[in-house]
Amino acid sequence: MPWKIPGDTGFSYLGIAACGCVRAVTIDASDDPNGKKELAKDLARFVKSGYRLERVAHQEARDRYGFDCDEHKAKQAGLPLTA
Ligand SMILES: [Zn+2]
């Protein structure tokens, strides 16, 4: 699903990698039955990927989403990585 934020109120969940990068984000739509199901699926996927979960306001999610460490910046840019 594309990264879309419905408005300025409400909450999102961040999936944070061990390095501290926010690698994943999903909207907390748990007040809607379908949204609740989707959210549970997303969160399960984040946990499976080894991400730590954090529930934050949409604005904070917007500010923090990104790739901050050198490893993920390199991946983002499509550069070869050295181990
Ligand atoms: Zn990283």
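Coordinates for the structure precede this section.
Let me begin by describing the structure that accompanies this report. The structure presented is a predicted model; accordingly, all values stated were derived computationally and were not measured.

**Description of the overall build of the chain**
Summing up its helical and strand segments, the chain has three helices and three strands in all. Put simply, the chain runs from its N terminus to its C terminus through helices and strands in the order β-β-α-β-α-α. The proportion of buried residues among the 83 residues of the chain is 30%. A fraction of 58% describes how many contacts in the chain between residues 6 or more apart in sequence connect residues 24 or more apart. Just so you have it, the chain exposes about 5800 Å², and 52% of that area is on carbon and sulfur atoms.

**Describing the sheet that holds strand E3 (residues 52-57)**
Overall, antiparallel pairing links the three strands, which are arranged E2-E1-E3 in an open sheet. Whereas interior strands pair on both sides, the edge strands pair on one side only; in this sheet they are strand E2 (22-27) and E3. Each strand axis lies, on average, 30 degrees off the axis of its neighbour in the sheet, ignoring direction. As defined by bridge partners, strand E1 (residues 11-16) adjoins E3 across six bridges and the pair is classed as antiparallel. Looking across to E3, one finds that Tyr13 is bridged to Arg55. The sheet contacts of helix H1 (residues 33-48) involve E1, E2 and E3, and relative to E2 the element is tilted by about 165 degrees.

**With respect to the coordination of the zinc ion**
Surrounding the zinc ion are the protein donor atoms Cys19 (SG), Cys21 (SG), Cys69 (SG) and His72 (ND1), which sit 1.9 to 2.3 Å from the metal. Considering all four donor atoms around the zinc ion, the spread of angles at the metal, 106 to 118 degrees, places the coordination shape in the tetrahedral class. Counting gaps between the donor residues of the zinc ion yields the pattern C-x1-C-x47-C-x2-H. Linking Cys21 in the loop between E1 and E2 with His72 in helix H3 (residues 70-76), this pair joins segments that are 51 residues apart in sequence. Across the pair, His72 and Cys21 agree in class, each one buried.

**Things to note about the pattern of salt bridges**
Overall, the coordinates contain six salt bridges when judged by the stated rule. We note a salt bridge from Arg55 to Asp28, for which the minimum N-O separation is 2.7 Å. One end of the pair, Arg55, is in strand E3; the other, Asp28, is in the loop between E2 and H1, with 27 residues separating them in the sequence. Between Lys41 and Glu38 there is a salt bridge, with the nearest N and O atoms lying 3.3 Å from each other. Placement of both Lys41 and Glu38 in helix H1 is noted, with a separation of three residues, approximately one turn of the helix. Its relative accessible area of 39% is what places Glu38 among the partly exposed residues.

Reading the values: the criteria
Residues numbered from 1 in each chain as written. Predicted model: local features only at pLDDT ≥ 70, side-chain atom pairs only at ≥ 80, totals over all residues. Heavy atoms only, no water. Helix = DSSP H or I, 4+ residues; strand = E, 2+ residues; numbered from the N terminus. Buried < 20%, exposed > 50% of the residue type's maximum accessible area, 1.4 Å probe, protein only. Contact = heavy atoms within 4.5 Å. Areas by Shrake-Rupley, 256 points an atom, 1.4 Å probe, with all protein chains shown as cover. Pairing = 2+ DSSP bridges. Axes fitted to C-alpha atoms, helices over the stretch in contact; angles between N-to-C directions. Donors = N, O, S within 2.8 Å, 3.2 Å for Na, K, Ca; no water. Tetrahedral: all angles 85-135°; square planar, octahedral: opposite > 155°, others 65-115°. Salt bridge = Lys/Arg side-chain N within 4 Å of Asp/Glu carboxyl O.

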